[in-house]
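# Structure assessment
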Amino acid sequence: MADLPIETIFEILTRVPAKVVGHSRSVCKEWYALLSTRDFIRVHSSRSLVSSNQRVLLIDDLTCSVHPIIFQSYDYGPRSIVTLPFDHQNNDVSILSHLNGLLCVYLNHTNELLLWNPTTTAFKRLSTPDSLGIYINNLDAVGLYADDADDYKVLHIKRRCGVYESYVYSRELNFWRNIPFLTRQEYLSPNFAWSPGTFCGEQFKEISFPPVPSTGFVQGVLVNVKNELHMFATTGWFEITIDLWTLKEDYWIKVLSCPPIPPISLSLWGDITHYVTNGNWFVMTKLGKLFTIEMDTKPFEILYPVTWFRGYKGAVFVETVVSPSI
């Protein structure tokens, strides 16, 4: 391809898998420079949102593995063992959020936050000497988003000793800054739980919970689908059911409800994840699929990785070359 115009090379290489891009950077200095530009990474990332690039990352006490998804059978494919590039201990790594191939990681033994791309193995520690980027489980919330300038950011809401604060980390500036947050005494209660998810910006607004039964186990997981806020709402006691809701202005509208999903036992719920792709909603555990639900709603006709593991022991992500640092 040495004789091809640089624009043609750009178009070709923005359509190849992320690992091919990594190998291509070693071809020559010109290619390395081209494949490292922000424009290339942005276009390649947007074109990587296809089913063939979607992977499931699973973590247990001793190993970290990445599996392809076999969409014909809706199961996990053969695993590839991944060596975690940062210091860690057994049962130590938790995945809090994900966006465009980047995972926000929490290390239990140090409480540090990291950004990690499991495809390129690159990572960035977010903690600072003045205790920014330190996450306390069950007290804090963390989410990832990208602003209009394509700067990847981490939103960290902290609750400490009767005080709560909100900080944003900028990948571009490599810096944490404090931002205004809502003031409600209820947020300081140890019984108040944040919903994990992918955040959309720095403006805060209170919204009501979807109208689900309030008996037994009740939990909501927020996801961003095509810049619209959705929630997986789970209810039950010994058996769990899941509903999918979308927020229209200030009101929740049910997109999909039970049935057709059979009840899920509470013993399985600790390992569950769910994601939407190609018009189907998959509910799975680390052991494999539980249910596949066909969806007729238009916003779900193409891939949107909307995933959450109850046990924080994995993630569904898309392979990209997005770097955790500039």
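Heads up: these notes are all about the structure in this document. Keep in mind the model is a prediction, meaning the values are calculated, not measured.

Attention now moves to the overall build of the chain. A tally of helices and strands in the chain yields five helices and 21 strands. For the chain, with 326 residues in total, the buried portion stands at 48%. Summing over all exposed atoms, the chain offers an accessible surface of approximately 16,200 Å²; the carbon and sulfur share of this is 54%.

Okay, the nonpolar core next. Core analysis: the biggest nonpolar cluster contains 31 residues, and Leu-113, Val-154 and Trp-176 have the highest contact counts within it. For Val-154, the residues in contact, after removing those within four places along its chain, are Cys-104, Leu-115, Leu-126, Val-142, Gly-143, Leu-144, Tyr-167, Val-168, Tyr-169 and Trp-176.

Once that is clear, we can look at helix α4 (residues 38-47). Looking at α4, one finds that the buried residues are Phe-40, Ile-41, Val-43, His-44 and Ser-45. Buried residues in α4 make contact with α1 (6-13), α2 (18-24), α3 (29-35) and β10 (152-160).

What follows deals with the packing of aromatic side chains. For the structure on display, the rule yields five aromatic pairs. Aromatic pair Phe-86 and Phe-123: ring centres 5.6 Å apart, planes at 75°, arrangement edge-to-face. Of this pair, Phe-86 sits in the loop between β4 (80-81) and β5 (93-99) while Phe-123 is found in strand β8 (residues 123-125), placing the two residues 37 residues apart along the sequence. On the basis of an interplanar angle of 55° and a centroid distance of 5.4 Å, the ring pair of Tyr-169 and Trp-176 is categorised as tilted. Classification of Tyr-169 as buried rests on a relative accessible area of 2%. Taken together, the ring pairs connect Phe-86, Trp-116 and Phe-123 into an aromatic cluster.

This part takes up the sheet that holds strand β12 (residues 175-179). Sheet strands associate in pairs through backbone hydrogen bonding, adopting either a parallel or an antiparallel arrangement. Taken in spatial order, the four strands make up an open sheet running β9-β10-β11-β12, and their pairing is antiparallel. Edge positions in the open sheet fall to β9 (141-146) and β12, since each of these has one partner strand only. The sheet shows a mean angle of 25° between the axes of neighbouring strands, direction not considered. Examined bridge by bridge, strand β11 (residues 163-170) and β12 share five bridges and lie antiparallel to one another. Bridged to Tyr-169 within β12 is Trp-176.

What follows deals with α1. Every buried residue belonging to α1 is among Ile-9, Phe-10 and Leu-13, and all of these are buried. Along the long axis of α1, the arc covered by the buried residues comes to 105°, so they all point the same way. Check the buried side of α1 and you find it contacts α2, α3 and α4.

If you walk across this open sheet you meet the four strands as β5-β6-β7-β8, and the pairing is antiparallel. Each having just a single partner strand, β5 and β8 make up the two edges of the open sheet. Direction aside, the axes of adjacent strands within the sheet are offset by 25° on average. Where β5 lies against strand β6 (residues 102-107), six bridges are found, and the strand directions are antiparallel. Across the sheet, the residue bridging to Leu-99 is Leu-102, located in β6.

Quick notes on the rules
- Residues numbered from 1 in each chain as written.
- Predicted model: local features only at pLDDT ≥ 70, side-chain atom pairs only at ≥ 80, totals over all residues.
- Heavy atoms only, no water.
- Helix = DSSP H or I, 4+ residues; strand = E, 2+ residues; numbered from the N terminus.
- Buried < 20%, exposed > 50% of the residue type's maximum accessible area, 1.4 Å probe, protein only.
- Areas by Shrake-Rupley, 256 points an atom, 1.4 Å probe, with all protein chains shown as cover.
- Core = buried A, V, L, I, M, F, W, Y, C linked by side-chain atoms within 4.5 Å.
- Contact = heavy atoms within 4.5 Å.
- Phe/Tyr/Trp six-rings, centres within 6.5 Å; stacked < 30°, edge-to-face > 60°.
- Pairing = 2+ DSSP bridges.
- Axes fitted to C-alpha atoms, helices over the stretch in contact; angles between N-to-C directions.
- Arc of directions from axis to C-beta.

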